[in-house]
Amino acid sequence: MCGNNMSAPLPAIVPAARKATAAVIFLHGLGDTGHGWADTFAGIRIPHVKYICPHAPIMPVSLNMRMSMPSWFDIHGLSPDALEDESGIKRASENIKAMIDQEVKNGIPSHRIILGGFSQGGALSLYTALTIQQKLAGVVALSCWLPLRNSFPQASANSANKDIHVLQCHGDADPMVPFVFGTQTAEKMKSLINPSNITFKPYRGLSHCACPEEMVDIKRFIEKQLPPIRDE
């Protein structure tokens, strides 16, 4: 199974059209499930790539008056100085690392795996990529921020991903995760990994969602970081 979260159902998966030699693990946002993103990736699928869209466990979320919903970790507020759920973020990250371990056991090496996510899921993907001890192929971080940012660079001192390629996308009309959070996150990331490997793409007029132009950019990034293996 995928990590310690036995309460979460099995991920939504878009299988590779032929033998899978690479994978994308993509984490949805707060209150969502992996199904919508699996449908989206099915529309831009690359034949040798398997897409895995896990579902977050149901938990009470402080930001939403403790209502229970799919969430990777608790969120107390959206301001830069809001209290963060450090233990929950670290626990969720360990579960994502266990998913990556499972794909490695399935025959896909970690350097052929892209980790990504939207909003809360994107935040978790950035944190995980900076703290995992395995080399990843890249990160796709949409409309998000870097959680526990004050724990870096200490937390990434031994990271295997100092040269990882990151595609960070953000709508400039985002009312939920302000655009400035995205630009500040990109600057912070440039201080932690090779700055020339970070691409920050703004999308004019885009709110807290994805758009077709963004998905085309994501597909191009995946194609570049996960090229087909010669004998496929």
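Residues numbered from 1 in each chain as written. Predicted model: local features only at pLDDT ≥ 70, side-chain atom pairs only at ≥ 80, totals over all residues. Heavy atoms only, no water.

Visitor: Can you explain the packing of helix 2 (residues 86-105) against helix 3 (residues 120-131)? Please cite residues and give values.
Guide: As a packed pair, helix 2 and helix 3 sit with axes 9 Å apart at the nearest point and diverge in direction by 70°. Compared by their axis directions, helix 2 and helix 3 come out roughly perpendicular. Judged by residue contacts, Ile89, Lys90, Ala92, Ser93, Ile96 and Lys97 of helix 2 engage Leu124, Tyr127, Thr128 and Thr131 from helix 3. Class assignment of the residues belonging to the contact of helix 2 with helix 3 gives a composition of 5 nonpolar, 3 polar and 2 charged. (Axes fitted to C-alpha atoms, helices over the stretch in contact; angles between N-to-C directions. Helix = DSSP H or I, 4+ residues; strand = E, 2+ residues; numbered from the N terminus. Parallel < 35°, antiparallel > 145°, perpendicular 65-115°, else oblique. Contact = heavy atoms within 4.5 Å. Nonpolar A, V, L, I, M, F, W, Y, C, P; charged D, E, K, R; others polar.)

Visitor: An account of the side chain of serine 125 is requested, with residue identities and associated values reported.
Guide: As for its position among the elements, serine 125 is in helix 3. A polar atom in the side chain of serine 125 sits 2.7 Å from the backbone oxygen of glycine 122. When sequence neighbours within four positions are dropped, the list of residues in contact with serine 125 reads Leu27, Leu115, Gly116, Gly117, Val139 and Val140. (Polar contact = N/O pair within 3.5 Å; in protein donor to acceptor, adjacent residues only side chain to side chain.)

Visitor: Go over the pattern of salt bridges with me, naming the residues and quoting the values.
Guide: By the definition in use, this model includes 7 salt bridges. The partner of lysine 50 in a salt bridge is glutamate 103, with the nearest N and O atoms 3.1 Å apart. Taken together, the residues span a long stretch of sequence, with lysine 50 in strand 3 (residues 49-53) and glutamate 103 in helix 2 at a distance of 53 residues. Here the two residues lysine 50 and glutamate 103 agree in accessibility, since each one is buried. For lysine 97, the salt bridge is made with glutamate 94, and the minimal N-O distance between the two is 3.3 Å. Taken together, the positions of lysine 97 and glutamate 94, both in helix 2 and 3 residues apart, correspond to about one turn of that helix. On the basis of relative accessible area, glutamate 94 is assigned to the partly exposed category, the value being 45%. Here the residues in one salt-bridge network are Lys201, Asp217 and Arg220, joined through shared partners. (Salt bridge = Lys/Arg side-chain N within 4 Å of Asp/Glu carboxyl O. Buried < 20%, exposed > 50% of the residue type's maximum accessible area, 1.4 Å probe, protein only.)

Visitor: If you had to explain the environment of proline 15 to someone new, which residues and values would you point to?
Guide: Here proline 15 is to be found in the loop between strand 1 (12-14) and strand 2 (22-27). Sequence separation between proline 15 and asparagine 95 is 80 residues; the distance between their C-alpha atoms is 21 Å. Beyond its immediate sequence surroundings of up to four residues, proline 15 is in contact with Arg45 and Val49.

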